[in-house]
Amino acid sequence: IPVSSRQAFPLPSLPRKQPTVLVVCGPAQNGAIGLVCARHLRIFDYEPTIFYPKRSPDPLYRDFTTQCEKMDIPFLSYLPTEVQLINDAYNAVVDAVLGAEAEASEGREPCAAILATLKLIRIPIVSLDVPSGWDVEAGSSGGISPDVLVSLSAPKQCARRFLGRQHFVAGRFLPYDVQKKFELNPPEYPGTECVVALRAPR
Amino acid sequence: DRGCPRAGPDPAEPGSGRGPRPPGVPSSLPSQEEAQAIDQELFTEYKFSVDQLMELAGLSCATAIAKAYPPSSFTTSQPTVLVVCGPGNNGGDGLVCARHLKMFGYEPTVYYPKRPNKPLFEGLTTQCQKMDIPFLPEFPAEAALIDELYGLVVDAIFGFSFKGAVREPFGSILGTLQRITVPIASIDIPSGWDVEKGKADGLQPDMLISLTAPKKAAVHFAGRYHFLGGRFVPAALQKKYALNLPPYPETDCVLQLT
């Protein structure tokens, strides 16, 4: 995800003076991937800030949190409801709130409030795997509209409804027998790249 | 240097009697003890897991190899690579590397004679096996056989914790590797070398992939390609140990030093 974020938003092109990025992490695996993404963004010289209101008790994910904290990545204590504050402070938002596994959490706080805010922001959103709040198969009308989608392993059904600028697939780790078993037909990854851009939808 | 004013000792060259440093090698090279301390701090303070860092390290190695020896450059009919894995973490790095080499279109084969009874290594072995990477039951008896079958050998035998005598079967393996003509890519430290002083009559790899930071032995490396990998060291830790690492390009996980 951080590699595709970098490809979509190269450092020199960012509108704000500082390469700030807000990473919004949900309570489960999608959020944990967001934490890993934030750490790598930091290594790539971005300035990530994390909003992680509901922390997973999973020890692996707790360690991801520690790694971010020790790398001086700030954690917001609340997400401003005043959307202009977010628009002004950051160049982009990484949406790591809900993934393909989410069903019940969507309606529950704090996800519902977060998604309501994300629907109103004007800066680009990069969604991890599934735009949060979308039904993993049917998509969503009236949900968030990300600028960039990074499908993990393989695109989900709802990706067909994605209308943003760039769609990346990050799944070069899938063994061949898994690919065959699920008839995934992944694209060719160039060289040693771990992400590949799919043809833009429009 | 007639006519050139003497500027005094080069401040980038600490100590004396070190001799010329290969270009691209940063000025502050961790000793064996410092390398171990950095590792410890990553695990205990930063709470990285061995799995996380090993995966990133192994990926760096495969990426560096792909840059220096692209599949099209092999003279063998397939881009075959022999990955020799030792009994510790360097061997684990080799297993990860083999798996990514397969993903990148190479045909790796692994020789892994001494396998730790730990879930981490068992998992890595399974991942390789499930990707149809063969594990040799025996090490090729002759250097000439290796030269015929493989276009490259990855040395993942010993790393920065290595000390003392080389135990079998690795002594014989290193002996054979010293007689092959195909290039060797060593992970972190050329196996058998003293981590600080090197080994004049030891393995002479064509490529070295230093992980985290080059160790002191790297000044004795005389091969063609020196890459830096393991792009996970937080800025604060780099400062604390005065690593002075040059910047990686963009989102690359490796940096070519020479």
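Residues numbered from 1 in each chain as written. Chains lettered and ligands numbered in written order. Predicted model: local features only at pLDDT ≥ 70, side-chain atom pairs only at ≥ 80, totals over all residues. Heavy atoms only, no water.

1. Re the overall build of chain A
Okay, so step 1: When helices and strands are counted, chain A shows 6 helices and 8 strands.
Okay, so step 2: In chain A, which comprises 202 residues, the share counted as buried stands at 49%.
Okay, so step 3: By sequence separation, contacts in chain A at least 24 residues apart represent 64% of the contacts at least 6 residues apart.
Okay, so step 4: Accessible surface, chain A as shown: approximately 9,800 Å² in total, 52% of it carbon and sulfur. (Helix = DSSP H or I, 4+ residues; strand = E, 2+ residues; numbered from the N terminus. Buried < 20%, exposed > 50% of the residue type's maximum accessible area, 1.4 Å probe, protein only. Contact = heavy atoms within 4.5 Å. Areas by Shrake-Rupley, 256 points an atom, 1.4 Å probe, with all protein chains shown as cover.)

2. Focus: the pairing of strand β2 (residues 47-51) of chain A
Residues and elements named next belong to chain A.
Okay, so step 1: Counting buried positions along β2 gives 4 out of 5 residues, so the element sits mostly inside the fold.
Okay, so step 2: As paired strands, strand β1 (residues 20-25) and β2 are joined by 5 bridges and run parallel to one another. Across the sheet, the residue bridging to valine 21 is proline 48, located in β2.
Okay, so step 3: Of the crossover connections in this fold, the one passing from β1 over helix α2 (residues 29-43) to the parallel β2 is right-handed.
Okay, so step 4: With helix α3 (residues 59-70) bridging β2 and the parallel strand β3 (residues 75-76), this β-α-β connection has right-handed handedness. (Pairing = 2+ DSSP bridges. Right-handed = clockwise from strand over helix to strand, strands pointing away.)

3. Quick notes on the nonpolar core
Okay, so step 1: Residues Ile65, Tyr69, Val81, Leu95, Leu101, Val110 and Met207 of chain B are the most contacted members of the largest nonpolar core, which totals 41 residues.
Okay, so step 2: Breaking this core down by element, the ones donating at least two residues are α2 (50-68), β1 (80-85), α3 (89-103), α4 (119-130), β3 (152-156), β4 (184-187), β5 (207-211) and β6 (225-229) of chain B.
Okay, so step 3: Ranked by residue count, the leading element in this core is α2 of chain B, at 8 residues.
Okay, so step 4: If we ignore the near neighbours within four places in the chain, the residues touching leucine 95 of chain B are Cys85, Val110, Tyr112, Phe121, Leu124, Thr125, Cys128 and Phe135 of chain B.
Okay, so step 5: The next biggest cluster of nonpolar side chains, apart from the first, holds 37 residues, and it includes Ala32, Phe64 and Ala96 of chain A together with Leu245 of chain B. (Core = buried A, V, L, I, M, F, W, Y, C linked by side-chain atoms within 4.5 Å.)

4. As for the sheet that holds strand β7 (residues 166-170) of chain A
Okay, so step 1: Pairing in this open sheet of 8 strands is mixed, and the strands run β3-β2-β1-β4-β5-β6-β7-β8 (chain A) from one edge to the other. Looking along the sheet, the strands with just one partner apiece sit at the ends: β3 and β8 (196-198) of chain A.

5. What to know about unusual backbone geometry
Okay, so step 1: Of note, the amide linkage connecting glutamate 168 of chain B to proline 169 of chain B takes the cis form, showing an omega dihedral of 5°.
Okay, so step 2: Checked against the element boundaries, proline 169 of chain B lands in the loop between β3 and α6 (170-177).
Okay, so step 3: One non-glycine residue with positive phi stands out, namely aspartate 72 of chain A, at about 60°.
Okay, so step 4: Of note in this structure, alanine 242 of chain B is not a glycine but carries a positive phi near 50°.
Okay, so step 5: Assignment of secondary structure puts alanine 242 of chain B in the loop between α7 (235-240) and β7 (254-256).
Okay, so step 6: Residue classification places alanine 242 of chain B among the partly exposed positions, given a relative accessible area of 36%.

6. Brief notes about the interface of chain A and chain B
Okay, so step 1: Listed as interface residues are 20 residues of chain A and, on the opposing side, 20 residues of chain B.
Okay, so step 2: Together, the buried faces of chain A and chain B total about 1,900 Å²; carbon and sulfur atoms form 62% of this surface.
Okay, so step 3: Applying the counting criterion to the chain A and chain B interface returns 1 salt bridge.
Okay, so step 4: For lysine 70 of chain A, the salt bridge identified is with glutamate 45 of chain B, shortest N-O distance 3.5 Å.
Okay, so step 5: In this assembly, chain A and chain B are joined by 4 residue pairs in polar contact (both at pLDDT 80 or more).
Okay, so step 6: Going through the elements one at a time, α1 (2-8), α2, α3 and α6 (176-181) of chain A are the ones with two or more residues in the side of chain A that touches chain B.
Okay, so step 7: Here the side of chain A that touches chain B is composed, by residue class, of 9 nonpolar, 5 polar and 6 charged. (Buried area = accessible area lost by both parts, 1.4 Å probe. Salt bridge = Lys/Arg side-chain N within 4 Å of Asp/Glu carboxyl O. Polar contact = N/O pair within 3.5 Å; in protein donor to acceptor, adjacent residues only side chain to side chain. Nonpolar A, V, L, I, M, F, W, Y, C, P; charged D, E, K, R; others polar.)

7. So, the sheet that holds β5 of chain B
Strands belonging to one sheet form pairs held by backbone hydrogen bonds; the direction of such a pair is parallel or antiparallel.
Residues and elements named next belong to chain B.
Okay, so step 1: The 7 strands lie next to each other as β2-β1-β3-β4-β5-β6-β7, forming an open sheet whose pairing is mixed. Across the chains shown, the open sheet's two edge strands, defined by having one partner strand only, are β2 (107-111) and β7. Taken over all neighbouring pairs, the strand axes of this sheet differ in orientation by 20° on average, direction set aside.
Okay, so step 2: Pairing of β1 with β2 involves 5 bridges; the strand directions are parallel. Residue pairing across strands places threonine 80 opposite glutamate 107, the latter belonging to β2. (Axes fitted to C-alpha atoms, helices over the stretch in contact; angles between N-to-C directions.)

8. Points about the packing of aromatic side chains
Residue and element names in this part refer to chain A.
Okay, so step 1: Applying the stated criterion to the full structure yields 7 aromatic pairs over all chains.
Okay, so step 2: The interplanar angle of 25° and the centroid separation of 6.1 Å between the aromatic rings of tyrosine 61 and phenylalanine 64 together place this pair among those described as stacked. Here tyrosine 61 and its partner phenylalanine 64 are both found in helix α3, 3 residues apart, which amounts to about one turn of the helix.
Okay, so step 3: Overall, the relative accessible area of 13% leaves tyrosine 61 in the buried class. (Phe/Tyr/Trp six-rings, centres within 6.5 Å; stacked < 30°, edge-to-face > 60°.)

9. Comments concerning the UniProt feature "domain: YjeF N-terminal" (unreviewed entry) in chain B
Okay, so step 1: Those residues carrying the UniProt feature "domain: YjeF N-terminal" (unreviewed entry) are residues 35-245 of chain B in this numbering.
Okay, so step 2: Spanning residues 35-245 of chain B, this segment combines 36% helix with 14% strand, and its end C-alpha atoms are found 14 Å apart. (UniProt positions renumbered as here; feature names shortened; annotations may be inferred.)

10. Description of the pattern of salt bridges
It is possible for side chains of opposite charge to pair when their charged atoms get near one another.
All names here are of chain B.
Okay, so step 1: Scanning the entire structure with this criterion turns up 10 salt bridges over all chains.
Okay, so step 2: Note that lysine 215 is salt-bridged to aspartate 188, the shortest N-O span being 2.7 Å. With a gap of 27 residues between them, lysine 215 in the loop between β5 and β6 and aspartate 188 in the loop between β4 and β5 connect regions that are remote in the sequence.
Okay, so step 3: The exposure class assigned to aspartate 188 is buried, which follows from its relative accessible area of 5%.

11. Brief notes about the environment of glutamate 47 of chain A
Okay, so step 1: Relative to the helices and strands, glutamate 47 of chain A is located in strand β2.
Okay, so step 2: With residues up to four places along the chain from it excluded, the contact list for glutamate 47 of chain A reads Gln18, Pro19, Thr20 and Val21 of chain A.

12. Overview of helix α1 (residues 32-44) of chain B
Residue and element names in this part refer to chain B.
Okay, so step 1: Helix length check: α1 (13 residues) gives 18 Å between terminal C-alpha atoms against 18 Å at 1.5 Å per residue, within 8%.
Okay, so step 2: Turning to α1, its buried residues number three or more, namely Gln32, Ala35, Ile38, Asp39, Glu41 and Leu42.
Okay, so step 3: Those residues of α1 hidden inside the fold are in contact with α2 and α7. (Expected span 1.5 Å × (residues − 1).)

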